[in-house]
Amino acid sequence: MSFKVVLLSHTPDPEKVVATAAKLCYSNTSVENIYDKLDSEAVKNFLNLLIDVGHESPLEHVSFTFGIEGVSRSFTHQLVRHRIASYSQQSQRYVRLDGFEYVIPPSIEEDEELKTIFVDTMNQIAKSYKILTEKLQERHKNALVNKGFSEKEALKKAEKMAIEDARYVLPNACETKIIMTMNARELLHFFEQRCCNRAQWEIRSVADKILEIVKEIAPNIFKFAGPKCIRLGYCPEGKFSCGEFEKVKKKYLGKREENEDN
């Protein structure tokens, strides 16, 4: 299945907010005065200076909230390691996942034999999940009825008790949904780590899509966003380098360099 990334909200006029915050550090005038006097050209010039000197703390004043769907639990296990962010994920404890969707890695998708093994495994897990849920639910319901709960109330409580234990058989491939909010500074770090060719394929694909979205909204903030080599001008991975710096540079800076040449 294919993933989907939707921008739900972001700080209004993010680049002007960042420029105002940064300019305030060097000004003795009022915040309103700084904000009102910043036109688009002034914002662009000040942000260029800000990025060049590495003054990144003002970037924390703006944030972006995304809805991400069609991704695996393997993906979200990696995503939530970026701790300067907020997450709300679909719960396997409260949401019953009979016949769950799942993500197939491309290396398996392209091989019919491996894909068959993978799909058969997912189907067997789905059957096991269903059996576990039903049997646990029945056992918990009977125990609750014996304790004096009504049939309806016992059934509702029993289902929740059942799926919170049955979920232990669900795989990393299981599809999930998550809402993520990150500030601009953390997004730059996220892109450095996850747009890199050494990042796992799924999180790299999502990171590239998020970068595409935020560049449309704040092109000056994210003009050099991407893997570390884009900012440094060389790959810092040493012997672990992908060896494709020029290709990566063209991918992330190609259009910008073409526009600047024109």
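If you're wondering where the values come from, they're calculated on a predicted model, not measured in any experiment. (Residues numbered from 1 in each chain as written. Predicted model: local features only at pLDDT ≥ 70, side-chain atom pairs only at ≥ 80, totals over all residues. Heavy atoms only, no water.)

Some points on the overall build of the protein chain
- What the protein chain contains, in helices and strands, is 11 helices and 4 strands.
- Here the protein chain has a C-alpha radius of gyration of 24 Å; the compact-globule value for 262 residues is 18 Å, and the former is much larger.
- Considering the protein chain as a whole, with its 262 residues, one finds that 39% of them fall into the buried category.
- For the protein chain, restricting intrachain contacts to residue pairs at least 6 apart in sequence, the fraction spanning at least 24 positions comes to 75%.
- Accessible surface, the protein chain as shown: approximately 15,200 Å² in total, 49% of it carbon and sulfur.
- Taking the average location of the 39 positive side-chain charges in the protein chain and that of its 39 negative ones, the two points are 5 Å from each other. (Helix = DSSP H or I, 4+ residues; strand = E, 2+ residues; numbered from the N terminus. Rg over C-alpha atoms; globule rule 2.2 N^0.38 Å. Buried < 20%, exposed > 50% of the residue type's maximum accessible area, 1.4 Å probe, protein only. Contact = heavy atoms within 4.5 Å. Areas by Shrake-Rupley, 256 points an atom, 1.4 Å probe, with all protein chains shown as cover. Lys, Arg positive; Asp, Glu negative; His and termini not counted. Charge placed at Lys NZ, Arg CZ, Asp CG, Glu CD.)

Some words on the sheet that holds strand E4 (residues 175–183)
- Taken in spatial order, the 4 strands make up an open sheet running E1-E2-E4-E3, and their pairing is antiparallel. In this open sheet, the two strands that pair with only one neighbour each are strand E1 (4–10) and strand E3 (86–89). Along the sheet, successive strands turn relative to each other by an average axial angle of 20 degrees, direction set aside.
- Here 8 bridges tie strand E2 (residues 63–72) to E4, and the two strands are oriented antiparallel to one another. Looking at the pairing, Ser 63 lines up with Asn 183 of E4.
- Sitting on the sheet, helix H8 (residues 184–194) is in contact with E2 and E4, with an inclination near 125 degrees to E4.
- Strands E1, E2 and E4 of the sheet are contacted by helix H9 (residues 201–217), whose axis makes an angle of about 150 degrees with E2. (Pairing = 2+ DSSP bridges. Axes fitted to C-alpha atoms, helices over the stretch in contact; angles between N-to-C directions.)

Overview of the UniProt feature "binding site: FAD" (unreviewed entry) in the protein chain
- Mapped onto this structure's residue numbering, the UniProt feature "binding site: FAD" (unreviewed entry) falls at Ser 57, Arg 81, His 82, Arg 83, Gln 89, Asn 183, Ala 184, Arg 185 and His 189. The greatest C-alpha distance among the residues just named is 27.9 Å, and with 133 residues of sequence between them they are spread in space as well.
- The topology assignment puts Arg 81 in the loop between helix H4 (73–79) and E3.
- Of the residues examined, His 82 reaches a relative accessible area of 4% and is grouped as buried.
- Discounting residues that sit within four places of it in the chain, His 82 has contacts with Tyr 87, Met 182, Glu 186, His 189, Phe 190, Gln 193 and Arg 194. (UniProt positions renumbered as here; feature names shortened; annotations may be inferred.)

Observations concerning H9
- Between its first and last C-alpha atoms H9 spans 25 Å; for 17 residues at 1.5 Å apiece the expected length is 24 Å, and the two agree.
- Within H9, the full set of buried residues consists of Glu 202, Ile 203, Val 206, Ala 207, Asp 208, Ile 210, Leu 211, Ile 213 and Val 214. (Expected span 1.5 Å × (residues − 1).)

Some thoughts on the UniProt feature "binding site: dUMP" (unreviewed entry) in the protein chain
- As recorded in UniProt, the sites labelled "binding site: dUMP" (unreviewed entry) are Gln 78, Leu 79, Val 80, Arg 81, Gln 89, Gln 90, Ser 91, Gln 92, Arg 93, Arg 167 and Arg 194. Taken together, the annotated residues stretch across 117 residues and extend over separate regions, lying up to 28.5 Å apart by C-alpha.
- Summarising the element assignment, Val 80 is placed in the loop between H4 and E3.
- On the basis of relative accessible area, Val 80 is assigned to the partly exposed category, the value being 36%.
- Once you skip the residues sitting within four places of it in the chain, Val 80 turns out to touch Tyr 87 and Ile 178.

Considerations on H8
- In terms of burial, H8 is a largely internal element, 8 of the 11 residues being buried.
- Those residues of H8 that sit buried are Ala 184, Glu 186, Leu 187, Leu 188, Phe 190, Phe 191, Glu 192 and Arg 194.
- Those residues of H8 hidden inside the fold are in contact with E2, H4, E4, H9 and helix H10 (228–232).
- Capping of H8 at its N-terminal end is provided by Asn 183; its side-chain oxygen lies 3.0 Å from the backbone amide nitrogen of Arg 185. (Polar contact = N/O pair within 3.5 Å; in protein donor to acceptor, adjacent residues only side chain to side chain.)

Here we look at the side chain of Glu 186
- Residue placement: Glu 186 occurs in helix H8.
- The charged side chain of Glu 186 is buried without a salt bridge, its nearest counter-charge being Arg 185 at 7.5 Å.
- Not counting the four nearest positions on each side in its chain, Glu 186 is found in contact with His 82 and Ile 84. (Salt bridge = Lys/Arg side-chain N within 4 Å of Asp/Glu carboxyl O.)

Structural notes on the nonpolar core
- Residues Ile 68, Phe 191, Ile 210 and Phe 222 are the most contacted members of the largest nonpolar core, which totals 44 residues.
- No other element matches H9, which puts 7 residues into this core.
- For Ile 210, the contacting residues outside a window of four places in its chain are Val 5, Phe 66, Ile 68, Met 180, Leu 187, Phe 190 and Phe 191.
- Counting 14 residues, the second-largest nonpolar core is a separate cluster that includes Ile 104, Tyr 129, Leu 170 and Ala 173. (Core = buried A, V, L, I, M, F, W, Y, C linked by side-chain atoms within 4.5 Å.)

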